[in-house]
Amino acid sequence: MVTLEHANLMSLLLPAPMVLVFGATIAVGLAGNTLPDVIQSFKQVPKVFMGKPAKASASIDELVRLAEKARTEGLLSLEEEANNAKDPFLARSLQNIADGTDAEELRLLMEDEIDTRMRADHVASKFFAALGGYAPTIGIIGTVVSLTHVLENLSSPDHLGPMIAAAFVATLWGLLSANFIWLPISAKLKRLSELEVERMNLLMEGLLAVQNGTQPLLLAERLRAMVPADPKSKSKGSKDKADDGGKTGKLTASRAA
């Protein structure tokens, strides 16, 4: 847009307004939170760009496999699976099942761990949402300060235009940083947390069913009912059914002939 307006992009990259907006925004955010919370929040930033939610189908297949193993080899065989599991939540739950933990006690343990995960993720999302609220106001403060400086130099009309333009750069960066940086980071972290909690809840229900000795096929149907259907797999399933229907029709016609 700046290029189409034949403006100079460097006129927006002014150090003073940017230092004020970014520095003061982070400082105010730090003032409203503890230092460990701020450090932990910034550690979550790489997840925004590299975090990939686990597929529910993979978790369901894993739980069905565990159910089949538990039915054939017993619950004690899950201890080996716990040692090989890469997911800490799954590993701890499998170990508790192998140790003979009561179903109600196991549910409480898993629910507490899920709740702790939700609260920890909420801290980071809330922190960046707060930065998104502070940034525009700090930008306006920077503009007011700059305009005050402009009014002090009314005796130099040749410099008023560039000074007024520079004054509004602070507001621009306040709005840009809020809507293009802080709020999107907050929203992405919140969504990733929701997906992870859904996966953990799916694992919890599946593992409790495994402990209860639920039949694997029934477990698979129950778990698939807990997650939204994948449009791709749905369309593929419809195509397969159509193909099967076509083959069945041809076979029936040939037999009738």
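Everything below is about the structure printed above this text.
I will try to describe carefully the structure that is included in this document. Everything quoted here is computed from the prediction, not taken from an experiment.

1. Focus on helix 9 (residues 216-224)
By the burial criterion, the buried members of helix 9 are Pro216, Leu219, Ala220 and Leu223. Along the axis of helix 9, the buried residues cluster in a sector spanning 100 degrees; they form a single face. Set apart from the buried face of helix 9 by more than 90 degrees, the exposed residues are Leu217, Leu218 and Glu221. Capping of helix 9 at its N-terminal end is provided by Gln215; its side-chain oxygen lies 3.0 Å from the backbone amide nitrogen of Leu217.

2. A closer look at the packing of aromatic side chains
For the coordinates displayed, the defined rule picks out 6 aromatic pairs. Measuring from ring centre to ring centre gives 6.4 Å for Phe22 and Trp182, while their planes differ by 65 degrees; the resulting arrangement is edge-to-face. Of the two residues, Phe22 sits in helix 1 (residues 15-31) while Trp182 sits in helix 8 (residues 160-212), which places them 160 residues apart along the sequence. Relative accessible area serves as the criterion here: at 24%, Phe22 is assigned to the partly exposed category. Taking the centre distance of 5.7 Å and the plane angle of 70 degrees together, the rings of Phe42 and Phe127 count as edge-to-face. With Phe42 in helix 2 (residues 35-43) and Phe127 in helix 7 (residues 103-151), the pair connects residues that are 85 residues apart, well separated along the chain. Phe127 gets classed as buried once you look at its relative accessible area, which sits at 2%. Counting every residue linked through ring pairs, the aromatic cluster contains Phe22, Phe42, Phe127, Phe128, Trp173 and Trp182.

Quick notes on the rules
Residues numbered from 1 in each chain as written. Predicted model: local features only at pLDDT ≥ 70, side-chain atom pairs only at ≥ 80, totals over all residues. Heavy atoms only, no water. Buried < 20%, exposed > 50% of the residue type's maximum accessible area, 1.4 Å probe, protein only. Helix = DSSP H or I, 4+ residues; strand = E, 2+ residues; numbered from the N terminus. Arc of directions from axis to C-beta. Polar contact = N/O pair within 3.5 Å; in protein donor to acceptor, adjacent residues only side chain to side chain. Phe/Tyr/Trp six-rings, centres within 6.5 Å; stacked < 30°, edge-to-face > 60°.

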